[in-house]
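Descriptive analysis of the structure
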Amino acid sequence: MLPYPLLTLLLILMWLLLNGFTRGHLVLGVLVAVFASWAMASLRPDKPRLVKWYLLPKLFGIVLYDIVKSNIAVARIILRSGRRSHNPGFLTVPLDIENHTAIAVLAVVLTSTPGSAWLEYDSNDRTVLLHVLDIDNEAEWRDTIKNRYEKLLMEIFA
Amino acid sequence: MMQSAADMPVWAAIAVAFFLLIGSGLALIGAIGFLRLPTFYERIHAPTLGTSWGIGGVMLASMIFFTVSSGRPVFHELLIGIFVTVTTPITFMLLARAALHRDRAEGNGNVPDKPNRSQPAGEDLGESDPRKG
């Protein structure tokens with residue numbers, strides 16, 4: 001009946017946020033959400049299994065904190081704007097996660113953190129090519145990605 | 001019951017102004033960086049300021065302002081934040097991979113090859129890059 005309960009719930013929530021809460025919109029939102037999740041089911045995406053979903057707020061907090069930090073760092077680089085004040089470069093990181101949803105989440109995290117951009121993922125040898133604005137401490141970047149984000153994502157999406 | 005902006009309590013006005021300035025300031029810095037950074041791959045980082053805390057600050061300010069002034073909780077700005085966050089990586093990857101493809105095809109030298117060997121791509125790439133884009 002409901003192939004994607006979480007998606008359905010979020011769609012209802014989105015509908016109510018957009019239209020304001022009235023009983024009529026609740027009914028309409030439920031209808032739209034149910035039909036949309038059936039449509040989603042016929043696309044047959046691989047279903048993400050959230051194993052330790054309670055770790056999601058932790059990931060969210062960490063990412064929010066890192067975004068604030070790197071916002072300040074990148075703003076400083078731009079404002080100083082001495083041509084040699086930073087050291088951009090490419091970085092190849094081997095990944096251990098295989099779950100597509102987890103990789104997508106990692107891509108969103110790394111892109112929305114200013115100072116690091118996700119360029120391409122190679123599914124053959126499971127490496128990702130990143131470009132970072134300040135590569136001075138390359139080991140630290142690897143460490144952040146592997147230990148701070150990837151480990152947590154592997155726990156969330158087993 | 002919509003109040004006019006002048007009738008807002010001081011704490012709300014301060015909070016709104018603070019977040020608006022943070023958000024718009026970061027978006028402005030991002031735009032300046034977009035203009036000033038020398039290479040394409042560096043420039044791609046600048047707009048993320050606007051799409052992360054730029055949008056975040058404006059979003060928070062808008063939520064506070066309309067919650068206080070209309071006297072009921074207003075949250076739908078969150079959707080803007082969520083959708084901007086989820087959709088920017090797609091555009092970014094499209095642009096970046098197009099640039100990578102071009103640089104590899106033209107042999108611009110300072111981009112890493114297709115990652116078939118696992119060589120550590122740590123050398124100073126993109127440093128002596130001519131102005132592109």
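Up top is the structure.
These remarks concern the structure in this document. (Residues numbered from 1 in each chain as written. Chains lettered and ligands numbered in written order. Predicted model: local features only at pLDDT ≥ 70, side-chain atom pairs only at ≥ 80, totals over all residues. Heavy atoms only, no water.)

So, the packing of aromatic side chains
As enumerated under the stated definition, the model contains six aromatic pairs over all chains in all. When the ring of Trp 118 of chain A is compared with that of Tyr 121 of chain A, the centres are 6.4 Å apart and the planes differ by 25 degrees; the resulting orientation is stacked. Centre to centre, the rings of Phe 65 of chain B and Phe 66 of chain B are 5.0 Å apart; their planes meet at 90 degrees, and the pair counts as edge-to-face. What makes Phe 65 of chain B partly exposed here is its relative accessible area of 21%. (Phe/Tyr/Trp six-rings, centres within 6.5 Å; stacked < 30°, edge-to-face > 60°. Buried < 20%, exposed > 50% of the residue type's maximum accessible area, 1.4 Å probe, protein only.)

Description of the pattern of salt bridges
All names here are of chain A. Considering all chains together, one arrives at nine salt bridges over all chains under this definition. Residue Lys 146 is joined to Glu 150 by a salt bridge in which the shortest nitrogen-to-oxygen separation is 2.9 Å. Pair noted here: Lys 146 and Glu 150 are both in helix α5 (residues 138-156), with a separation of four residues, about one helical turn. Salt bridges sharing common partners tie together Asp 96, Lys 146 and Glu 150. (Salt bridge = Lys/Arg side-chain N within 4 Å of Asp/Glu carboxyl O. Helix = DSSP H or I, 4+ residues; strand = E, 2+ residues; numbered from the N terminus.)

Notes on the layout of surface pockets
The rolling of a water-molecule-sized probe over the atoms marks out the regions of remaining empty space. Considering only enclosed or pocket space, the largest pocket measures out at about 2,200 Å³ in volume. Along the wall of the largest pocket there are 43 residues; nearest its centre are Leu 10, Phe 60 and Val 105 of chain A together with Ile 82 and Val 86 of chain B. Of all the secondary structure elements, the ones that give two or more residues to the lining of the largest pocket are α1 (5-19), α3 (56-80) and α4 (100-112) of chain A together with α3 (47-70) and α4 (77-106) of chain B. In terms of residue count, the dominant contributor to the lining of the largest pocket is α1 of chain A (eight residues). Here the residues of the lining of the largest pocket are counted per class, giving 34 nonpolar, seven polar and two charged. Residue assignment places the lining of the largest pocket across two domains, with domain 1 (5-43) and domain 2 (53-156) of chain A each supplying three or more. In this structure, the second largest pocket spans a volume of roughly 510 Å³. Taken together, the elements giving at least two residues each to the lining of the second largest pocket come down to α3 and α5 of chain A. Ranked by the residues each element gives to the lining of the second largest pocket, the list is headed by α3 of chain A, at six residues. Per-class residue counts for the lining of the second largest pocket are eight nonpolar, six polar and six charged. (1 Å grid on protein atoms, 1.4 Å probe; cavity = no way out; pocket = protein on both sides within 12 Å on 5 of 7 lines; lining within 4 Å. Points joined across faces, edges and corners; volume = space filled by probe spheres on them. Nonpolar A, V, L, I, M, F, W, Y, C, P; charged D, E, K, R; others polar. Domains from an automatic or database assignment.)

A short note on the interface of chain A and chain B
The figure often quoted for interface size is the accessible area lost as the parts come together. Every contact between the two is made by 40 residues of chain A and, on the other side, 41 residues of chain B. Its largest share of buried area at the contact with chain B, chain A owes to Ile 78, Phe 90 and Glu 120 of chain A, together 19% of the area lost on that side. Here chain A and chain B share two salt bridges between them. For Glu 120 of chain A, the salt bridge goes to Arg 104 of chain B, with nearest N and O atoms at 2.9 Å. Taken together, chain A and chain B are joined by five residue pairs in polar contact (both at pLDDT 80 or more). (Contact = heavy atoms within 4.5 Å. Buried area = accessible area lost by both parts, 1.4 Å probe. Polar contact = N/O pair within 3.5 Å; in protein donor to acceptor, adjacent residues only side chain to side chain.)

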